[in-house]
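# Architecture and fold: a report
Chain residues, written in single-letter form:
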Amino acid sequence: MDCVSFLVIKECYSDRIEMSVIKFALRSFMKNKSLKLRMIGVRFFILFVLLIGNSSQLFAINVGSDNYRQNPFDSVEEMTNQLLIIIDSHRSNYPENEEDYFLSLNNLLGDFVEFNFVAKRVMGSSYGKVDPALRKSFLDVFKRGLIESYGRGLMAYSNEKIVILNRQNAFDTGRLIVKQEIQDGNSSYPLQYMMVRKRSDKTWTIINVSLNGIDLTKTFASQFRNSITRHSGNLSKVIDSWL
């Protein structure tokens, strides 16, 4: 089953579990670019920083100073640069090095995305009603699904231009949206990152992403509600069927 447009993403679900909106977004973008779906879809979503194992020197751009984390626009720009480095460093041996690639993405995602907050919003009222161990299990499988879906999609990146649209120098709020756009010459694909400033260290973190107008947190929350209803409130079954 394919999606031909982001506008019908919400209606395109599998019977087992409403299939990740990411996979459909990837398929839609691939179709627009006249490429076959090889689960190497598109590379838009989360853009981050990485230091792992023997790759520490390769990914050491600006890691000596994290001043860019104090500015949401600089943070997104730096994350974009780091992501492109990760893609390039794994491309030649992909998919044989897929597990190492996913591990790299896992490290960087954890640094820039507030996954606990996202999972809490996705789970809604169920969050406070279940055992903490089950909450942790859902967070792990939710994060894994994002990493694997986007990781495969990111390999389709082919030097499209990525720009920030609403950069500003002054921001006295603790929450704002960074607008980014992917331009491939013929089309443009908007991204919006909802970011909040942490009180502890004043750094900015991502709490939601919108792809071409599709709010991912709301979409996953709907997926979770439908799944928890289908499985009569059994979160273990929801977790088992999430991927």
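Numbering of residues begins from 1 in every chain and follows the order in which that chain's sequence is written. Since the coordinates come from a predicted model, pLDDT governs what is reported: local features require at least 70, and pairs of side-chain atoms require 80 or more to be given and counted, while whole-chain, interface and lining totals use all residues. Calculated side-chain values reflect all of the structure's heavy atoms, with hydrogen atoms and water omitted.

### Let's talk about the overall build of the chain
Working definition: helices are DSSP H or I runs of at least four residues, strands are E runs of at least two. Numbering for both runs from the N terminus. Within the chain, the secondary structure is distributed over seven helices and five strands. Each helix and strand of the chain, placed in order from N terminus to C terminus, yields the pattern α-α-α-α-α-β-β-β-β-β-α-α. Residue exposure (1.4 Å probe, protein chains only): buried if accessible area is under 20% of the type maximum, exposed if over 50%, otherwise partly exposed. With 243 residues in all, the chain has 49% of them scored as buried.

### Thoughts on the packing of helix H3 (residues 98–112) against helix H5 (residues 132–154)
Lines are fitted to the C-alpha atoms to define the axes, a helix being fitted only along its stretch in contact, and any angle between axes, read from their N-to-C directions, falls within 0 to 180 degrees. Contact geometry for H3 and H5: axes closest at 10 Å, N-to-C directions at 115°. Two packed elements cross with a definite hand, and for H3 against H5 that hand is right-handed. Counting all contacts with H3, which are made through Glu98, Tyr101, Phe102, Leu105, Asn106, Leu109 and Gly110, the residues of H5 involved are Lys143, Ile147, Glu148, Gly151, Arg152 and Leu154. Nonpolar residues are Ala, Val, Leu, Ile, Met, Phe, Trp, Tyr, Cys and Pro. Charged residues are Asp, Glu, Lys and Arg, and all others, Gly as well, are polar. The class makeup of the residues in the contact of H3 with H5 is six nonpolar, three polar and four charged. Handedness of a crossing follows from how the near helix is turned relative to the far one, being left-handed for an anticlockwise turn of less than a right angle and right-handed for a clockwise one. Contacts were defined at the residue level, with two residues in contact if any of their heavy atoms lie within 4.5 Å.

### Quick word on the pattern of salt bridges
Definition used for salt bridges: Asp or Glu carboxyl oxygen within 4 Å of a side-chain nitrogen of Lys or Arg. Summed over the entire model, instances satisfying the criterion amount to seven salt bridges. The partner of Arg167 in a salt bridge is Asp74, and the shortest N-O contact between them spans 2.8 Å. Placement of the pair is Arg167 in the loop between strand E1 (161–164) and strand E2 (175–183) and Asp74 in helix H2 (residues 72–91), with a sequence separation of 93 residues. One salt bridge connects Asp140 with Lys136, and the closest N-O pair in it is separated by 2.9 Å. Of this pair, Asp140 and Lys136 both sit in helix H5, four residues apart, roughly one helical turn. Here the salt bridges share partners, and the residues they tie into one network are Asp74, Glu77 and Arg167.

### Thoughts on helix H6 (residues 216–230)
Here H6 spans 21 Å end to end across 15 residues, near enough to the 21 Å set by a 1.5 Å rise per residue. For H6, every residue scored as buried is listed here: Leu216, Thr217, Thr219, Phe220, Ala221, Gln223, Phe224, Ser227 and Ile228. Its side-chain oxygen 3.0 Å from the backbone nitrogen of Thr217, Asp215 forms the N-cap of H6. Ser232 sits one or two residues past H6 and shows a positive phi near 55°. One less than the residue count of a helix, multiplied by 1.5 Å, gives the span that helix is expected to have. Polar contacts here mean pairs of N or O atoms no more than 3.5 Å apart (in protein, one a potential hydrogen donor and the other a potential acceptor; neighbouring residues in sequence count only if both atoms are side-chain atoms).

### Topic: the nonpolar core
As used here, the term nonpolar core means buried Ala, Val, Leu, Ile, Met, Phe, Trp, Tyr and Cys residues forming a set that is joined through side-chain atoms within 4.5 Å. Of all hydrophobic cores here, the largest spans 51 residues; its most connected members are Tyr101, Phe138, Phe142 and Phe224. By residue number, the principal contributor to this core is H5, which donates eight residues. Excluding anything up to four places from it in sequence, Phe142 contacts Phe115, Val118, Val122, Phe220 and Trp242.

### Topic: the side chain of Thr203
Within the secondary structure, Thr203 is located in the loop between strand E3 (188–197) and strand E4 (204–211). Polar contacts involving the side chain of Thr203 include one to the side chain of Asp201, which spans 2.7 Å. Residue contacts for Thr203: discarding those within four places in its chain leaves Arg69, Gln70, Val196, Arg197 and Lys198.

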